[in-house]
Amino acid sequence: MKKHWPKYLLIGLPVFILVIYLGLPKFLTLLGLHPHYDIPAYDLPGKRALIVTTSHGTLGDTGKATGVFGSEMTVPYYAFQDTGMDVDIASIKGGEIPVEPRSMGWPLATEDDLRFKEDSVAMAKMTNSIPIKDIDPAKYDVIFMAGGWGAAYDFAQSEALASIITKANTNDTLLGAICHGVLGLVNAKDKDGSSLIEGRRATGVTDLQIKQLGIDITPKHPETELRKAGAIYEANTAFRDMMATHVVVDGNIITGQNQNSGYETAHRILEKLAQKK
């Protein structure tokens, strides 16, 4: 028996690695990460959507890379594009968008992340994103703000983004946001000059999720900032909040709790947009 163990190891190790490679993504989905969600087909040619991301690529002074969480950009991108809509990508500063390491790779990547990386047009939009200061919100039917930890550093801090969202709201543009992307709502104004989000139902990353992930060092926390701005905050919880999901629709504002909420948030936006046709 002993003399055969190298042969068993030679056969067993690759099988073990293959099982882990194929099984871990499915196991994470079973726990709640990126749950399966089918978006019904919509036909919306002539409509336009803008996805806004962070330009911030460093997690505080730790030296660790961060940025947009991949699926929070790629899922809405294809949800909108597959209806026939034109989709642009902007960021706070413009140019190449930093991406949270590993968020678009194994075992976290969604099918849309993999599709995006093989899509030269989409990759060019990410590499040459439009500066938010150059955006004319009147051109868009939907403005969607993607999250990721980078957004904690430049969404609520951006006067240009607050101005874009304020102007878009005056046109009754649909405003979507998930995860840390909801920070782009907290300084925008309603049509009467009051806070846009005050008294409105909304969700975003919970303070508990931030604590569980150990990223308290980020300067703006979605739950805290939404509550501070007067929003009626909602969320779900799980054994780890990063495995929970929740979507809130309040008028033209559609928000999702975290990276797991991208498909449903995009679906609710498309549903609203189809009703406006």
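Residues numbered from 1 in each chain as written. Predicted model: local features only at pLDDT ≥ 70, side-chain atom pairs only at ≥ 80, totals over all residues. Heavy atoms only, no water.

Q: Which parts of the structure should I look at to understand the overall build of the protein?
A: From N to C terminus, the protein includes nine helices and 11 strands. For 277 residues, the compact-globule formula gives about 19 Å, and the C-alpha radius of gyration of the protein, at 20 Å, lands near that figure. For the C-alpha atoms alone, the extent of the protein along its principal axes is close to 80 × 40 × 30 Å. In the protein, buried positions account for 51% of the 277 residues. In the protein, of all internal contacts separated by at least 6 residues, the share reaching a separation of at least 24 is 76%. Entry remark: accessible area of the protein is about 12900 Å², with carbon and sulfur atoms responsible for 57%. Averaged over its 28 positive side-chain charges, the protein has a centre that lies 5 Å from the centre of its 32 negative ones. (Helix = DSSP H or I, 4+ residues; strand = E, 2+ residues; numbered from the N terminus. Rg over C-alpha atoms; globule rule 2.2 N^0.38 Å. Buried < 20%, exposed > 50% of the residue type's maximum accessible area, 1.4 Å probe, protein only. Contact = heavy atoms within 4.5 Å. Areas by Shrake-Rupley, 256 points an atom, 1.4 Å probe, with all protein chains shown as cover. Lys, Arg positive; Asp, Glu negative; His and termini not counted. Charge placed at Lys NZ, Arg CZ, Asp CG, Glu CD.)

Q: Is there a simple way to explain the UniProt feature "transmembrane region" (unreviewed entry) in the protein in this structure?
A: UniProt records the feature "transmembrane region" (unreviewed entry) at residues 7-24, using the numbering of this structure. The span residues 7-24 is 100% helical and 0% strand by assignment, and the distance between its end C-alpha atoms comes to 26 Å. (UniProt positions renumbered as here; feature names shortened; annotations may be inferred.)

Q: What am I meant to see in the packing of aromatic side chains here?
A: Working definition: an aromatic ring pair is given by the centre-to-centre distance plus the angle between the planes. In total, this model carries five aromatic pairs according to the counting rule given. An angle of 75° between the planes, with centres 5.4 Å apart, marks the rings of Tyr-77 and Phe-116 as edge-to-face. One end of the pair, Tyr-77, is in helix α2 (residues 70-81); the other, Phe-116, is in helix α3 (residues 111-117), and 39 residues separate them in sequence. The class of Tyr-77 is buried, set by a relative accessible area of 0%. (Phe/Tyr/Trp six-rings, centres within 6.5 Å; stacked < 30°, edge-to-face > 60°.)

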